[in-house]
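# Observations on the three-dimensional arrangement
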Amino acid sequence: MANYRLAHPLYLDVQMMVSFLAYLEGGVYVSREETLQNESMRGGTGAHAGAVRLPSLGALLGLESSLNAEGGAHFGETAETKVARHHTAASLFNGLYGFLRTDGAITSLNTREDIEAVTTGDFVELSGRYTGNPLEETLAVFGQFLAYMEDMAAGVEGAKAQRSSNRKSGNPQVRASVGTEGEGQWDGLAEEFQSFNASIEMRILRKMKEELEASPIHDVVLETSAGVRAVLTVASEYYDGAVAERLSSGDFVVLGKVTRILKEGEVIDLSRRTVMGKMGEEGESVTSSMTNLPGIKLQSGEPVVRYPAVQVLPMAIFV
């Protein structure tokens, strides 16, 4: 069995990783160049000196070789190939992760007992189910729902305008074709949507969505099998919609530094990046009602994280 473990980071704070590597290694090399030499003898006559290119693959890679010979029945052929090797962010992370594991620099954090053994600033590793942020998930669902409703309302308004035009038509057959069945029902739905779309509640939802999207930090949650919840303060620079989708409803490993350990009675409000989250209990009741809508099932649960829990500044979320 292989004595190495390859990790695939879905979220990776490159700046944090490179700074740690630079300290441990006295600098970071993201590429290196090697020179490979090959010598062979073959029969022939005459003297030959010059430069040739490697065929096919060598030409594709931009590699060069030199061919040198001296007169006589045999002459020597020396091929010199320059090869450039480049690290990726993921390969650098695997190197750092392997070193930290081998050196025993990582503390496991998965149970309540583990929480009691760590302090702020410790390098920890925990694994569990990624549940995201219920507020962000709710607002995303609202956005999708409103897109559907806007299309429906536009269709209803179009049909309403067409019926009005038909009623005014000079053609009796066109006027007679105008039906009334279901007309009031759909027109009423369109009017309700327009009213809700212009409401104060909808303005609050839009503003909260804008605040969360503009924030340089997102609060997302990972819960271990033992019930310990970790609030991960991910950087927007490395966390976007594609990363969130890949992490959705999966089991992953987090590597990072502890920035807060909750005590009994303490909570972390996941709406704290918005004005509503800074309003205390009143704001908490609003966000709780938003994330407990009938007919909508969220993977992330309540918008407040309670003890036992920690806050972690993640370097990587990987599988």
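Turning our attention to the overall build of the protein chain. Counting secondary structure elements, the protein chain contains ten helices and 13 strands. Out of the 319 residues belonging to the protein chain, those deemed buried represent 36%. Considering only residue pairs separated by 6 or more positions, the protein chain has 75% of its internal contacts joining residues 24 or more positions apart. Surface exposure of the protein chain reaches about 18900 Å², of which carbon and sulfur atoms provide 53%.

Before going further, it helps to examine the environment of N197. Mapped onto the elements of the fold, N197 is located in helix α7 (residues 183-197). As for N197 and E150, which are separated by 47 residues in sequence, their C-alpha atoms are 9.4 Å apart.

With that settled, the discussion passes to the confidence of the model for the protein chain. Counting all residues, the mean pLDDT for the protein chain is 77, and 63% of those residues have values of 70 or more. A low-confidence stretch, residues 45-71 stays under pLDDT 50, and its non-local contacts, those more than four residues away or across chains, total 41 contacts.

When its volume is computed, the largest pocket comes out at roughly 630 Å³. Secondary-structure elements contributing two or more residues to the lining of the largest pocket are β7 (123-132), α5 (134-167), α8 (200-214), β8 (217-223) and α9 (241-247). If one sorts the elements of the lining of the largest pocket by residue count, α5 sits on top with six residues. Residues belonging to the lining of the largest pocket are distributed by class as follows: eight nonpolar, nine polar and six charged.

This part covers the nonpolar core. Counting residues in each nonpolar core, the largest one holds 25 residues, and the members touching the most others are Y11, L109, L232, Y239, L247 and I317. Contributions of two or more residues to this core are made by β1 (9-12), β7, β8, β9 (229-235), α9, β10 (251-261) and β13 (309-318). When residues no more than four places from it in sequence are discounted, the contact partners of L109 are D114, I115, V118, V124, E125, L126, T224, V258 and V310.

Time to look at the side chain of S215. As for its placement among the helices and strands, S215 is situated in the loop between α8 and β8. Since its relative accessible area comes to 11%, S215 is described here as buried. Discounting chain neighbours no more than four positions away, the residues touching S215 are S236 and R273.

A separate point is the pairing of β8. Burial analysis of β8 places five of its seven residues in the buried class, the great majority of the element. Pairing of β8 with β9, which is carried by seven bridges, proceeds in the antiparallel orientation. Residue pairing across strands places V221 opposite V231, the latter belonging to β9.

Before going further, it helps to spend a moment on the packing of aromatic side chains. Applying the stated rule across the entire model yields five aromatic pairs. Taken together, the aromatic side chains of F93, Y97 and F318 make up a single cluster linked through ring pairs. Here the basic side chain of K257 rests over the ring of F123, its NZ or CZ set 5.3 Å away from the ring centre.

Turning to α8, a few remarks are in order. The terminal C-alpha atoms of α8, which comprises 15 residues, lie 21 Å apart, in line with the 21 Å expected from a rise of 1.5 Å per residue. All of the buried residues in α8 are M202, L205, M208, E211 and L212.

Now for the pattern of salt bridges. This model, assessed by the stated rule, comprises six salt bridges. Here E125 makes a salt bridge to R101, at a shortest N to O gap of 3.6 Å. In this pair, E125 sits in strand β7 while R101 sits in helix α3 (residues 89-102), placing the two residues 24 residues apart along the sequence. A residue is classified by how much of its surface remains accessible, and E125, at 15% relative accessible area, is buried.

Turning our eyes to something else, we now look at α3. In this model α3 runs 20 Å from its N-terminal to its C-terminal C-alpha over 14 residues, within 8% of the 20 Å that 1.5 Å per residue would give. Listing the buried residues of α3 in full gives L92, F93, N94, L96, Y97 and L100. Taken from the residues just after α3, G104 is the one with a positive phi, measuring 70°.

Time to look at a nonpolar patch on the surface. Where nonpolar side chains cluster on the molecular surface, the patch consists of Y23, L24 and F99 and spans about 350 Å² of accessible area. Relative to the elements of secondary structure, F99 occurs in helix α3. Overall, F99 belongs to the partly exposed group, its relative accessible area being 37%.

Criteria and cut-off values
Residues numbered from 1 in each chain as written. Predicted model: local features only at pLDDT ≥ 70, side-chain atom pairs only at ≥ 80, totals over all residues. Heavy atoms only, no water. Helix = DSSP H or I, 4+ residues; strand = E, 2+ residues; numbered from the N terminus. Buried < 20%, exposed > 50% of the residue type's maximum accessible area, 1.4 Å probe, protein only. Contact = heavy atoms within 4.5 Å. Areas by Shrake-Rupley, 256 points an atom, 1.4 Å probe, with all protein chains shown as cover. pLDDT = per-residue confidence, 0-100. 1 Å grid on protein atoms, 1.4 Å probe; cavity = no way out; pocket = protein on both sides within 12 Å on 5 of 7 lines; lining within 4 Å. Points joined across faces, edges and corners; volume = space filled by probe spheres on them. Nonpolar A, V, L, I, M, F, W, Y, C, P; charged D, E, K, R; others polar. Core = buried A, V, L, I, M, F, W, Y, C linked by side-chain atoms within 4.5 Å. Pairing = 2+ DSSP bridges. Phe/Tyr/Trp six-rings, centres within 6.5 Å; stacked < 30°, edge-to-face > 60°. Lys NZ or Arg CZ within 6 Å of the ring centre and 35° of its normal. Expected span 1.5 Å × (residues − 1). Salt bridge = Lys/Arg side-chain N within 4 Å of Asp/Glu carboxyl O. Patch = residues over 30% accessible without salt bridge, like charges linked within 9 Å, V, L, I, M, F, W, Y side chains within 5 Å.

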